[in-house]
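# Understanding the architecture of this molecule
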Amino acid sequence: MIEPEVEVGWIAEDLAVEFPELRLLYMTIEARPGSSPPDVKRRLRTLADRYTGGKAVTLRQQAVPWAYRVFFRQVGIDPDENRTPTEAIALERMRAGGFPSRNLVDDALLIATVETNVPVLAFDEDRLSGPLGLRLAGEHERLGGAGRPLSSRQVVVADADRAVAVLFLDTAEGRGVHPQTERIRLASVQVKGVPDVSAEESLWIARETLLGEV
Amino acid sequence: MAEVMERRRSGTPMAVPRAPVRPDEGAARRSLREQIAHLEGELGALFCSAYPRMGFDWRVPSRGGPRVLSLVELEELRDELADRLEHNRRVLGDRTYVEEFNRCRIEEMLLAPEEHKWVVIRNEDIGERGCKSWHVRPRFGLLGMLMNWWRVRISSGCPLAEGHGPRNP
(Lines give C-alpha, C1' and ligand atoms only; values in the text may rest on other atoms or scores of the structure.)
Protein backbone atom coordinates (compact mmCIF):
# COMPACT_ATOMS: atom_id res chain seq x y z
CA MET A 1 0.00 0.00 0.00
CA ILE A 2 1.43 3.36 -1.00
CA GLU A 3 1.35 5.96 1.75
CA PRO A 4 -0.67 8.84 0.35
CA GLU A 5 1.22 12.08 0.19
CA VAL A 6 0.51 15.22 -1.78
CA GLU A 7 3.49 16.14 -3.91
CA VAL A 8 4.12 19.39 -5.70
CA GLY A 9 4.94 19.02 -9.37
CA TRP A 10 7.62 20.95 -11.19
CA ILE A 11 6.81 24.00 -13.30
CA ALA A 12 9.04 24.94 -16.21
CA GLU A 13 10.81 28.24 -15.65
CA ASP A 14 9.30 30.08 -18.64
CA LEU A 15 5.83 29.08 -17.47
CA ALA A 16 6.54 29.95 -13.84
CA VAL A 17 7.71 33.43 -14.86
CA GLU A 18 4.44 33.99 -16.68
CA PHE A 19 2.19 32.39 -14.05
CA PRO A 20 3.98 32.48 -10.69
CA GLU A 21 0.97 31.09 -8.80
CA LEU A 22 0.48 28.12 -11.09
CA ARG A 23 0.95 24.80 -9.25
CA LEU A 24 0.43 21.16 -9.99
CA LEU A 25 -0.26 18.85 -7.07
CA TYR A 26 -0.44 15.11 -7.33
CA MET A 27 -0.87 11.99 -5.29
CA THR A 28 -0.56 8.30 -6.11
CA ILE A 29 -2.98 5.71 -4.81
CA GLU A 30 -3.57 2.02 -5.28
CA ALA A 31 -7.06 1.74 -6.68
CA ARG A 32 -8.71 -0.08 -9.50
CA PRO A 33 -11.43 1.35 -11.71
CA GLY A 34 -14.82 -0.28 -11.76
CA SER A 35 -18.44 0.55 -11.19
CA SER A 36 -19.30 2.84 -8.32
CA PRO A 37 -20.62 1.42 -5.06
CA PRO A 38 -24.06 2.54 -3.78
CA ASP A 39 -22.50 5.07 -1.38
CA VAL A 40 -20.88 6.94 -4.25
CA LYS A 41 -24.08 6.88 -6.28
CA ARG A 42 -25.95 8.23 -3.29
CA ARG A 43 -23.42 11.00 -2.91
CA LEU A 44 -23.81 11.92 -6.57
CA ARG A 45 -27.55 12.21 -6.06
CA THR A 46 -27.05 14.43 -3.01
CA LEU A 47 -24.64 16.65 -4.93
CA ALA A 48 -27.05 16.87 -7.86
CA ASP A 49 -29.81 18.02 -5.52
CA ARG A 50 -27.55 20.82 -4.28
CA TYR A 51 -26.94 22.02 -7.82
CA THR A 52 -29.79 24.30 -8.80
CA GLY A 53 -30.16 26.39 -11.92
CA GLY A 54 -29.50 29.54 -9.91
CA LYS A 55 -26.26 28.13 -8.57
CA ALA A 56 -25.13 27.18 -12.07
CA VAL A 57 -25.80 30.70 -13.33
CA THR A 58 -23.92 32.42 -10.53
CA LEU A 59 -21.01 29.98 -10.68
CA ARG A 60 -18.79 32.40 -12.58
CA GLN A 61 -19.10 34.93 -9.77
CA GLN A 62 -17.68 32.52 -7.19
CA ALA A 63 -14.00 32.96 -6.43
CA VAL A 64 -12.60 29.58 -7.51
CA PRO A 65 -14.63 29.03 -10.72
CA TRP A 66 -13.88 32.65 -11.62
CA ALA A 67 -10.15 32.02 -11.09
CA TYR A 68 -10.23 29.16 -13.60
CA ARG A 69 -12.21 31.25 -16.08
CA VAL A 70 -9.59 33.98 -15.80
CA PHE A 71 -6.76 31.49 -16.29
CA PHE A 72 -8.52 30.04 -19.33
CA ARG A 73 -8.69 33.55 -20.81
CA GLN A 74 -5.08 34.27 -19.99
CA VAL A 75 -3.86 31.15 -21.77
CA GLY A 76 -6.02 31.79 -24.81
CA ILE A 77 -8.99 29.50 -24.21
CA ASP A 78 -12.50 30.89 -24.46
CA PRO A 79 -14.28 29.50 -21.36
CA ASP A 80 -17.63 29.92 -23.10
CA GLU A 81 -16.46 27.61 -25.87
CA ASN A 82 -14.31 25.15 -23.91
CA ARG A 83 -15.97 25.21 -20.50
CA THR A 84 -13.96 25.10 -17.33
CA PRO A 85 -14.40 21.68 -15.69
CA THR A 86 -16.72 23.06 -13.01
CA GLU A 87 -18.93 24.83 -15.52
CA ALA A 88 -18.97 21.80 -17.81
CA ILE A 89 -20.21 19.71 -14.89
CA ALA A 90 -22.86 22.31 -14.01
CA LEU A 91 -24.05 22.42 -17.61
CA GLU A 92 -24.20 18.64 -17.78
CA ARG A 93 -26.15 18.60 -14.51
CA MET A 94 -28.73 20.98 -15.98
CA ARG A 95 -28.93 19.00 -19.22
CA ALA A 96 -29.11 15.52 -17.71
CA GLY A 97 -31.12 16.51 -14.64
CA GLY A 98 -28.59 14.85 -12.33
CA PHE A 99 -25.15 13.30 -12.11
CA PRO A 100 -25.54 9.84 -13.60
CA SER A 101 -22.87 7.43 -12.37
CA ARG A 102 -20.36 6.47 -15.04
CA ASN A 103 -17.63 4.56 -13.25
CA LEU A 104 -15.76 4.89 -9.99
CA VAL A 105 -12.88 6.99 -11.35
CA ASP A 106 -15.06 9.45 -13.28
CA ASP A 107 -17.46 9.69 -10.35
CA ALA A 108 -14.61 10.36 -7.91
CA LEU A 109 -13.18 13.10 -10.11
CA LEU A 110 -16.63 14.64 -10.51
CA ILE A 111 -17.32 14.59 -6.77
CA ALA A 112 -13.95 16.18 -6.02
CA THR A 113 -14.50 18.87 -8.65
CA VAL A 114 -18.03 19.67 -7.51
CA GLU A 115 -17.03 19.83 -3.84
CA THR A 116 -13.99 22.07 -4.31
CA ASN A 117 -14.42 23.57 -7.81
CA VAL A 118 -10.86 22.41 -8.49
CA PRO A 119 -10.53 20.05 -11.47
CA VAL A 120 -8.78 16.73 -10.85
CA LEU A 121 -7.04 14.61 -13.48
CA ALA A 122 -6.29 10.90 -13.26
CA PHE A 123 -3.46 9.00 -14.94
CA ASP A 124 -2.33 5.40 -14.97
CA GLU A 125 0.66 5.49 -12.62
CA ASP A 126 2.41 2.65 -14.42
CA ARG A 127 2.33 4.56 -17.72
CA LEU A 128 4.05 7.60 -16.26
CA SER A 129 7.73 8.09 -15.67
CA GLY A 130 8.96 10.33 -12.91
CA PRO A 131 7.30 13.33 -11.37
CA LEU A 132 4.57 15.29 -13.12
CA GLY A 133 4.90 18.91 -14.04
CA LEU A 134 3.76 21.68 -16.33
CA ARG A 135 5.76 22.99 -19.25
CA LEU A 136 5.43 24.40 -22.72
CA ALA A 137 5.42 21.97 -25.63
CA GLY A 138 8.53 21.94 -27.77
CA GLU A 139 8.86 22.21 -31.54
CA HIS A 140 7.33 19.23 -33.37
CA GLU A 141 6.39 17.54 -30.10
CA ARG A 142 3.56 15.03 -30.06
CA LEU A 143 1.05 14.34 -27.30
CA GLY A 144 2.11 11.21 -25.44
CA GLY A 145 5.19 10.90 -27.64
CA ALA A 146 3.36 9.47 -30.65
CA GLY A 147 -0.08 11.09 -30.54
CA ARG A 148 -1.37 14.14 -32.26
CA PRO A 149 1.06 16.97 -32.92
CA LEU A 150 1.10 19.73 -30.32
CA SER A 151 1.27 23.40 -31.12
CA SER A 152 4.57 24.91 -30.20
CA ARG A 153 4.54 26.46 -26.71
CA GLN A 154 1.24 24.83 -25.77
CA VAL A 155 0.86 24.31 -22.01
CA VAL A 156 1.09 20.60 -21.27
CA VAL A 157 1.12 18.28 -18.28
CA ALA A 158 4.26 16.23 -18.67
CA ASP A 159 6.18 13.48 -16.95
CA ALA A 160 9.94 13.09 -17.20
CA ASP A 161 9.74 11.85 -20.80
CA ARG A 162 6.75 13.26 -22.62
CA ALA A 163 3.63 15.38 -22.61
CA VAL A 164 0.80 13.31 -21.13
CA ALA A 165 -2.02 15.83 -21.43
CA VAL A 166 -2.82 19.23 -22.84
CA LEU A 167 -3.73 21.34 -19.86
CA PHE A 168 -7.52 21.31 -19.32
CA LEU A 169 -8.12 19.72 -22.71
CA ASP A 170 -7.19 16.18 -23.72
CA THR A 171 -5.16 13.35 -22.23
CA ALA A 172 -2.70 11.34 -24.29
CA GLU A 173 -3.88 7.98 -25.57
CA GLY A 174 -3.09 5.24 -23.07
CA ARG A 175 -1.96 7.58 -20.27
CA GLY A 176 -5.36 7.87 -18.66
CA VAL A 177 -6.97 5.30 -16.40
CA HIS A 178 -8.15 2.10 -18.16
CA PRO A 179 -9.75 -1.14 -16.88
CA GLN A 180 -6.36 -2.75 -16.17
CA THR A 181 -5.03 0.18 -14.14
CA GLU A 182 -3.85 -0.79 -10.67
CA ARG A 183 -2.35 2.45 -9.46
CA ILE A 184 -3.74 5.88 -10.18
CA ARG A 185 -1.98 9.20 -10.06
CA LEU A 186 -4.39 11.99 -9.25
CA ALA A 187 -3.39 15.53 -10.14
CA SER A 188 -4.93 18.92 -9.57
CA VAL A 189 -3.95 22.20 -11.17
CA GLN A 190 -4.01 25.27 -8.95
CA VAL A 191 -4.16 28.70 -10.55
CA LYS A 192 -4.00 32.21 -9.10
CA GLY A 193 -6.92 32.80 -6.75
CA VAL A 194 -7.42 29.17 -5.77
CA PRO A 195 -6.62 28.53 -2.10
CA ASP A 196 -4.04 25.84 -1.30
CA VAL A 197 -6.55 24.05 0.86
CA SER A 198 -9.01 23.67 -2.05
CA ALA A 199 -6.35 22.27 -4.37
CA GLU A 200 -5.24 19.71 -1.80
CA GLU A 201 -8.75 18.93 -0.64
CA SER A 202 -9.76 18.00 -4.18
CA LEU A 203 -7.10 15.28 -4.24
CA TRP A 204 -8.10 13.96 -0.83
CA ILE A 205 -11.78 13.80 -1.77
CA ALA A 206 -10.98 11.95 -5.00
CA ARG A 207 -8.74 9.56 -3.07
CA GLU A 208 -11.32 8.87 -0.37
CA THR A 209 -14.00 8.22 -2.97
CA LEU A 210 -11.77 5.85 -4.93
CA LEU A 211 -10.77 3.95 -1.80
CA GLY A 212 -14.31 3.76 -0.49
CA GLU A 213 -13.59 5.93 2.53
CA VAL A 214 -16.56 8.21 1.89
CA MET B 1 35.43 69.16 -25.20
CA ALA B 2 36.13 71.79 -27.76
CA GLU B 3 33.42 70.33 -29.94
CA VAL B 4 30.91 70.51 -27.08
CA MET B 5 31.76 74.12 -26.38
CA GLU B 6 31.40 74.83 -30.07
CA ARG B 7 27.91 73.25 -30.14
CA ARG B 8 26.81 75.22 -27.08
CA ARG B 9 27.89 78.42 -28.67
CA SER B 10 26.10 77.62 -31.93
CA GLY B 11 22.88 76.61 -30.11
CA THR B 12 22.72 73.13 -31.66
CA PRO B 13 21.07 70.66 -29.24
CA MET B 14 23.47 68.10 -27.91
CA ALA B 15 22.76 64.44 -28.56
CA VAL B 16 23.02 62.86 -25.13
CA PRO B 17 24.26 59.31 -25.48
CA ARG B 18 21.86 56.87 -23.83
CA ALA B 19 22.21 53.25 -22.99
CA PRO B 20 19.65 51.15 -24.88
CA VAL B 21 16.64 50.54 -22.65
CA ARG B 22 14.52 47.44 -23.10
CA PRO B 23 10.92 47.93 -22.05
CA ASP B 24 9.88 45.73 -19.16
CA GLU B 25 7.59 43.40 -21.07
CA GLY B 26 6.99 41.34 -17.96
CA ALA B 27 5.35 44.27 -16.17
CA ALA B 28 3.20 45.02 -19.20
CA ARG B 29 2.12 41.41 -19.42
CA ARG B 30 1.29 41.30 -15.71
CA SER B 31 -0.76 44.45 -16.05
CA LEU B 32 -2.63 43.09 -19.06
CA ARG B 33 -3.37 39.82 -17.28
CA GLU B 34 -4.79 41.77 -14.33
CA GLN B 35 -6.94 43.82 -16.68
CA ILE B 36 -8.19 40.62 -18.31
CA ALA B 37 -9.04 39.18 -14.89
CA HIS B 38 -10.91 42.35 -13.96
CA LEU B 39 -12.86 42.39 -17.23
CA GLU B 40 -13.71 38.71 -16.86
CA GLY B 41 -15.10 39.47 -13.39
CA GLU B 42 -17.24 42.29 -14.77
CA LEU B 43 -18.46 40.09 -17.62
CA GLY B 44 -19.41 37.42 -15.07
CA ALA B 45 -21.38 39.94 -13.04
CA LEU B 46 -23.12 41.21 -16.17
CA PHE B 47 -23.94 37.64 -17.19
CA CYS B 48 -25.72 37.12 -13.87
CA SER B 49 -27.57 40.44 -14.21
CA ALA B 50 -28.66 39.61 -17.74
CA TYR B 51 -29.99 36.17 -16.85
CA PRO B 52 -32.59 34.90 -17.92
CA ARG B 53 -32.60 37.20 -20.91
CA MET B 54 -31.51 35.53 -24.11
CA GLY B 55 -29.73 36.84 -27.18
CA PHE B 56 -26.46 37.99 -25.64
CA ASP B 57 -23.18 36.93 -27.14
CA TRP B 58 -20.63 36.29 -24.40
CA ARG B 59 -17.97 34.66 -26.51
CA VAL B 60 -14.59 36.15 -27.10
CA PRO B 61 -12.69 34.03 -29.64
CA SER B 62 -10.03 31.72 -28.24
CA ARG B 63 -6.39 32.06 -29.17
CA GLY B 64 -5.68 28.39 -29.74
CA GLY B 65 -4.71 27.86 -26.12
CA PRO B 66 -3.62 26.74 -23.70
CA ARG B 67 -0.41 28.59 -24.44
CA VAL B 68 1.51 31.64 -23.34
CA LEU B 69 0.08 34.56 -25.28
CA SER B 70 2.25 37.25 -26.75
CA LEU B 71 1.98 40.85 -25.59
CA VAL B 72 0.03 41.78 -28.71
CA GLU B 73 -2.36 38.87 -28.22
CA LEU B 74 -2.95 39.85 -24.60
CA GLU B 75 -3.70 43.40 -25.72
CA GLU B 76 -6.11 42.19 -28.37
CA LEU B 77 -7.80 39.91 -25.87
CA ARG B 78 -8.13 42.75 -23.36
CA ASP B 79 -9.62 45.00 -26.04
CA GLU B 80 -12.06 42.36 -27.22
CA LEU B 81 -13.21 41.66 -23.68
CA ALA B 82 -13.71 45.37 -23.09
CA ASP B 83 -15.67 45.67 -26.35
CA ARG B 84 -17.81 42.65 -25.48
CA LEU B 85 -18.49 44.07 -22.02
CA GLU B 86 -19.42 47.48 -23.36
CA HIS B 87 -21.63 46.02 -26.09
CA ASN B 88 -23.49 43.70 -23.71
CA ARG B 89 -23.93 46.50 -21.17
CA ARG B 90 -25.50 48.65 -23.87
CA VAL B 91 -27.75 45.80 -25.01
CA LEU B 92 -28.81 45.12 -21.41
CA GLY B 93 -29.45 48.83 -20.87
CA ASP B 94 -31.67 48.94 -23.96
CA ARG B 95 -33.47 45.80 -22.90
CA THR B 96 -34.19 47.02 -19.38
CA TYR B 97 -35.53 50.29 -20.82
CA VAL B 98 -37.97 48.36 -23.02
CA GLU B 99 -38.86 46.04 -20.14
CA GLU B 100 -39.68 48.98 -17.92
CA PHE B 101 -41.81 50.40 -20.71
CA ASN B 102 -43.65 47.06 -20.99
CA ARG B 103 -44.26 46.95 -17.23
CA CYS B 104 -45.86 50.37 -17.39
CA ARG B 105 -47.90 49.19 -20.34
CA ILE B 106 -49.23 46.21 -18.34
CA GLU B 107 -50.45 48.63 -15.69
CA GLU B 108 -52.13 50.76 -18.35
CA MET B 109 -53.68 47.65 -19.90
CA LEU B 110 -55.14 46.66 -16.56
CA LEU B 111 -56.52 50.13 -15.99
CA ALA B 112 -57.95 50.66 -19.47
CA PRO B 113 -58.00 47.45 -21.51
CA GLU B 114 -60.18 48.95 -24.23
CA GLU B 115 -57.33 51.28 -25.13
CA HIS B 116 -54.94 48.35 -25.75
CA LYS B 117 -57.00 45.95 -27.83
CA TRP B 118 -55.35 42.61 -28.60
CA VAL B 119 -52.04 43.65 -27.02
CA VAL B 120 -50.01 40.72 -25.66
CA ILE B 121 -47.10 41.13 -23.25
CA ARG B 122 -45.18 38.05 -22.20
CA ASN B 123 -42.87 37.42 -19.29
CA GLU B 124 -39.82 37.57 -21.54
CA ASP B 125 -40.90 41.09 -22.58
CA ILE B 126 -40.37 42.21 -18.99
CA GLY B 127 -37.15 40.23 -18.50
CA GLU B 128 -38.57 37.44 -16.42
CA ARG B 129 -38.68 33.69 -16.71
CA GLY B 130 -41.76 31.65 -17.38
CA CYS B 131 -44.61 31.63 -19.85
CA LYS B 132 -47.01 34.05 -18.19
CA SER B 133 -48.62 36.58 -20.51
CA TRP B 134 -51.04 39.49 -20.34
CA HIS B 135 -53.42 39.48 -23.27
CA VAL B 136 -56.15 42.07 -23.89
CA ARG B 137 -59.15 40.21 -25.29
CA PRO B 138 -62.87 40.95 -25.67
CA ARG B 139 -65.20 39.67 -22.99
CA PHE B 140 -67.74 37.17 -24.43
CA GLY B 141 -66.00 37.01 -27.82
CA LEU B 142 -67.74 38.75 -30.72
CA LEU B 143 -70.34 40.30 -28.47
CA GLY B 144 -67.60 41.88 -26.36
CA MET B 145 -65.94 43.23 -29.49
CA LEU B 146 -69.20 44.84 -30.61
CA MET B 147 -69.99 46.16 -27.15
CA ASN B 148 -66.39 47.27 -26.50
CA TRP B 149 -66.08 45.06 -23.45
CA TRP B 150 -62.39 44.31 -23.07
CA ARG B 151 -60.38 42.67 -20.33
CA VAL B 152 -56.82 41.52 -19.63
CA ARG B 153 -56.45 37.80 -19.59
CA ILE B 154 -53.48 36.55 -17.60
CA SER B 155 -52.22 33.16 -18.65
CA SER B 156 -51.63 30.52 -16.02
CA GLY B 157 -47.97 29.86 -16.88
CA CYS B 158 -46.03 27.23 -18.76
CA PRO B 159 -47.65 24.00 -19.89
CA LEU B 160 -46.68 20.99 -17.80
CA ALA B 161 -43.82 18.97 -19.24
CA GLU B 162 -45.79 15.74 -18.78
CA GLY B 163 -49.09 17.16 -19.95
CA HIS B 164 -52.26 16.94 -17.90
CA GLY B 165 -52.12 13.16 -17.72
CA PRO B 166 -54.85 10.78 -18.88
CA ARG B 167 -58.34 12.19 -18.92
CA ASN B 168 -60.89 10.64 -16.63
CA PRO B 169 -63.47 8.60 -18.57
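The preceding data block contains the structure.
A brief report on the enclosed structure follows. (Residues numbered from 1 in each chain as written. Chains lettered and ligands numbered in written order. Predicted model: local features only at pLDDT ≥ 70, side-chain atom pairs only at ≥ 80, totals over all residues.)

## What to know about helix α7 (residues 196-210) of chain A
Residues and elements named next belong to chain A. With 15 residues, α7 should reach 21 Å at 1.5 Å per residue; the first-to-last C-alpha distance of 22 Å fits that figure. Every buried residue of α7 is listed here: Ala-199, Ser-202, Leu-203, Ile-205, Ala-206, Arg-207, Thr-209 and Leu-210. On its buried side, α7 packs onto β3 (23-30), α2 (38-50), α6 (104-116), β4 (120-124) and β8 (183-190). Once α7 ends, the next one or two residues include Gly-212, with phi positive near 70°. (Helix = DSSP H or I, 4+ residues; strand = E, 2+ residues; numbered from the N terminus. Expected span 1.5 Å × (residues − 1). Buried ≥ 20, exposed ≤ 12 C-beta atoms within 10 Å, placed from the backbone. Contact = placed C-beta atoms within 7 Å.)

## Comments concerning unusual backbone geometry
For the bond running from Tyr51(B) to Pro52(B), omega is 10°, close enough to zero to count as cis. Structurally, the position occupied by Pro52(B) is in the loop between α2 (25-50) and α3 (71-111). Here the bond from Gly65(B) into Pro66(B) is cis, since omega is 5°, no more than 30 degrees from zero. Within the secondary structure, Pro66(B) sits in the loop between α2 and α3. With phi around 70°, Asn117(A) is a residue other than glycine that occupies positive phi space. One can find Asn117(A) in the loop between α6 and β4.

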